[in-house]
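# Observations on the model geometry
Below are the chains, spelled out letter by letter.
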Amino acid sequence: MNWLTNFVRPKLRGLVGPKEIPENLWHACPSCNQMIFHRDLEKNLRVCQHCGHHMRLEVKQRLEMMFDEGAWQTIELPKALPDPLKFRDRKRYSERLKESQAKTGRDDALLVAHGTMGGIKVVIAAFDFAFMGGSMGAAVGEGLLAGARLAVMQEAPYIVIPSSGGARMQEGIVSLMQMARTTIAVEEVRDAGLPFIVVFTDPTTGGVSASFAMLGDVHIAEPGSVIGFAGARVIEQTIREKLPEGFQRAEYLLEHGMVDMVVPRKDLKQTVVRVLELLVNPGPMAQVVSLSGDGGKLAVVEHEEKSDASTTD
Amino acid sequence: MHTYLDFEKPIAELEGKIEELRHLAGSGDINIADEVARLQTKIERLIRQAYAKLTPWQKAQVARHPNRPHTVDYLKGLIEDFTPLAGDRLFAEDRAIIGGLGRFKGSSVVVMGHEKGSDTDERVKHNFGMARPEGYRKAQRLMKLADRFQIPVLTFVDTPGAYPGVDAEARGQAEAIARSIDTCLSLKVPLVSTVIGEGGSGGAIALATADCVLMLEHAIYSVISPEGCASILWRDGEQAKTAAEALRLTAQDLMRLGVIDEVIAEPIGGAHRDRDATVRAVGESIEKQLRKLGNHDPDTLKSHRRQKFLEMGQNSL
Ligand SMILES: [Zn+2]
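The model shown is predicted, which means the values in this text are computed figures rather than measured ones.

## Quick notes on the overall build of chain B
Along chain B, the regular secondary structure elements total 14 helices and eight strands. At 21 Å, chain B has a C-alpha radius of gyration in line with the 20 Å of a compact globule built from 317 residues. Residue burial in chain B is summarised as follows: out of 317 residues, 46% are buried.

What follows is the structure, given as structure tokens:
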């Protein structure tokens with residue numbers, strides 16, 4: 001499913017000939033159909049300058065815009081057992097994997113990187129939609145866990161940026177189990193007292209939205225992103241009704257209490273940095289004195305309450 | 001345009017006169033300045049007199065004055081880097097309660113409050129400050145966020161009450177309020193609440209089961225609105241004035257009852273006559289209380305808060 005139609009304007013083709021370079025490409029915005037010059041589109045972080053439509057960002061570009069000076073280090077992710085079910089549909093899963101690996105140059109659909117944002121040390125796990133629709137199998141699950149553990153080790157906030165259709169069917173029940181495993185990843189970050197921020201990008205659906213992605217301390221969504229559990233087509237077929245305009249879009253999720261804010265891509269980094277600043281640098285007044293031997297007082301109060309309760313029984 | 005309350009009629013007349021004089025001043029009569037000054041002094045005296053002995057019913061009017069600073073004004077005046085957070089993660093975003101993260105006097109806070117809105121569109125958007133279950137569930141979520149990151153919580157109370165509606169009941173209005181009170185009591189970070197206007201019943205205490213409850217001089221806080229009480233107990237809505245007296249809903253009475261911890265003086269003539277000064281005064285009181293609370297460890301903080309509410313009802317007037 002490619003939202004973007006790349007093509008060269010006929011007029012230009014005559015001038016440039018067959019050896020065009022990307023800078024000469026024009027794109028049609030899938031939302032307003034207006035033409036956008038390739039270089040403008042890139043400069044604008046792939047947001048249509050005519051209508052504000054946010055196109056999908058390649059995972060590399062995504063990390064570039066998030067990290068300070070566009071600099072980060074990826075970590076090598078633990079290997080997961082490939083193709084646990086020896087699955088084949090019209091094609092072997094093992095072949096599909098190889099194709100995606102060749103196409104993207106990545107082992108699987110997740111990239112875990114660390115660096116700084118606004119000077120704050122962070123770990124970011126970002127999905128690569130180009131790798132089998134960003135679907136979550138064992139390797140992605142392992143990656144999300146590895147990212148969480150790196151965050152805990154570095155005492156750094158953990159930011160996850162999903163762009164995923166959901167669980168990877170070709171791994172069957174093993175992919176379903178990643179919902180539980182990635183939830184544990186969130187718990188490990190939470191138990192360490194570190195912020196867990198989710199940046200919802202298009203799309204965040206199925207088993208990905210129904211696990212770690214909906215468990216963030218703060219949920220930030222890019223405009224127009226599809227976020228939901230069941231696919232719109234499935235719902236439409238089930239209820240035999242046309243779905244409302246804007247259904248499962250980021251703005252709909254905001255209205256329905258599921259995300260904290262919808263933030264345009266150009267403001268995304270500064271918003272994340274501001275939230276992190278407020279959570280990790282709370283300042284002098286937020287520091288309640290550390291636990292002293294005074295804790296005994298609470299025990300007394302609780303005891304009194306218990307005895308009250310027993311007398312009314 | 002200034003909105004005058006019923007008991008402010010004499011003030012309104014004099015201020016009208018000044019306007020007239022100023023209008024005439026265009027024609028170059030210098031004596032007008034003296035006359036304006038004389039009237040000004042008289043107005044100030046009248047305001048001072050009226051506001052020094054407001055009846056509970058008059059206070060109810062002042063507490064609901066449309067120009068009174070609302071939660072948004074306190075956010076604007078006191079909170080830097082305010083970052084609104086939305087939604088209960090269950091059903092909806094309820095704009096009757098607004099809240100988020102921000103910085104107060106250099107320190108992070110989670111801040112929230114009922115917002116009534118100040119023009120027709122805003123009032124509808126914020127449902128006149130009457131929250132549905134989603135509003136209280138968002139409040140709980142934000143309080144828990146604060147607890148997780150050891151950030152103090154500030155709340156501003158200004159609501160006629162929780163929204164009375166079929167949809168709100170169907171989704172558990174009572175449960176949502178109960179859970180909010182429970183969440184307030186469970187916090188291990190400082191929680192400072194300020195009743196800035198109307199503290200309407202369960203909808204108010206849901207955000208105000210706090211270590212420290214501050215209240216503006218002419219705000220009210222009550223189990224039921226004077227009108228509601230009159231129609232139930234007197235079977236006559238016209239008796240609201242009598243009910244307002246009986247309910248003991250003023251900051252001064254609540255202080256004597258030990259229900260609140262501090263009364264914050266309002267500018268002469270009420271908060272609406274000097275909004276900036278009011279916001280500043282509230283900020284100073286909150287800061288003072290926060291610094292005091294910062295001296296307790298988390299468990300003591302929680303046990304003191306519980307103890308404070310356990311002891312309530314032992315002072316009578
Ligand atoms: Zn467009």
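After presenting the structure, the write-up continues.
## Focus: the interface of chain B and chain A
Between chain B and chain A, the contact holds 41 residues from the first and 30 residues from the second. Contributing elements (two or more residues each) for the side of chain B that touches chain A: β1 (79-84), β2 (97-104), β3 (107-114), α6 (133-148), α13 (275-293) and α14 (298-310) of chain B. In terms of residue count, the dominant contributor to the side of chain B that touches chain A is α14 of chain B (eight residues). The class makeup of the residues in the side of chain B that touches chain A is 16 nonpolar, 13 polar and twelve charged.

## Looking at the nonpolar core
Of all hydrophobic cores here, the largest spans 140 residues; its most connected members are Ile124 of chain A together with Val110 and Met215 of chain B. The element that contributes the greatest number of residues to this core is helix α5 (residues 138-154) of chain A, accounting for seven residues. Among residues more than four places away in sequence, those in contact with Val110 of chain B are Leu101, Leu142, Met143, Leu145, Ala146, Ile151 and Val153 of chain B.

## Some points on the pairing of strand β8 (residues 196-200) of chain A
Residues and elements named next belong to chain A. Of all five residues in β8, five are buried; the element is thus mostly enclosed. Both faces of β8 are covered, namely the face carrying Phe196, Val198 and Phe200 and the face carrying Ile197 and Val199. Each parallel crossover has a hand, and for strand β7 (residues 158-161) linked through helix α6 (residues 172-191) to β8 it is right-handed.

## Quick look at helix α3 (residues 59-66) of chain A
All names here are of chain A. Of the residues making up α3, those classed as buried are Val59, Arg62, Leu63 and Met66. Projected onto a plane normal to the axis of α3, the buried residues spread over an arc of 95° and lie on a single side. Its buried side turned inward, α3 meets β5 (110-117), β6 (120-127), β7 and α10 (265-280).

## Some thoughts on the pairing of strand β4 (residues 153-159) of chain B
Regular strands have side chains that alternate between both faces of the sheet. Residues and elements named next belong to chain B. The buried fraction of β4 is high, at seven of seven residues. Burial along β4 is two-sided: the face carrying Val153, Thr155, Val157 and Thr159 and the face carrying Leu154, Phe156 and Asp158 are both buried. Pairing between β3 and β4: four bridges, direction parallel. Among the inter-strand pairings, Val110 is bridged to a residue of β4, identified as Val153. The pairing of β4 with strand β5 (residues 191-200) spans six bridges and is parallel. Counterpart to Val153 in the pairing with β5 is Leu191.

Reading guide: rules and limits
Residues numbered from 1 in each chain as written. Chains lettered and ligands numbered in written order. Predicted model: local features only at pLDDT ≥ 70, side-chain atom pairs only at ≥ 80, totals over all residues. Helix = DSSP H or I, 4+ residues; strand = E, 2+ residues; numbered from the N terminus. Rg over C-alpha atoms; globule rule 2.2 N^0.38 Å. Buried ≥ 20, exposed ≤ 12 C-beta atoms within 10 Å, placed from the backbone. Contact = placed C-beta atoms within 7 Å. Nonpolar A, V, L, I, M, F, W, Y, C, P; charged D, E, K, R; others polar. Core = buried A, V, L, I, M, F, W, Y, C linked by C-beta atoms within 7 Å. Right-handed = clockwise from strand over helix to strand, strands pointing away. Arc of directions from axis to C-beta. Pairing = 2+ DSSP bridges.

By themselves, these figures tell us nothing about what the structure is for.
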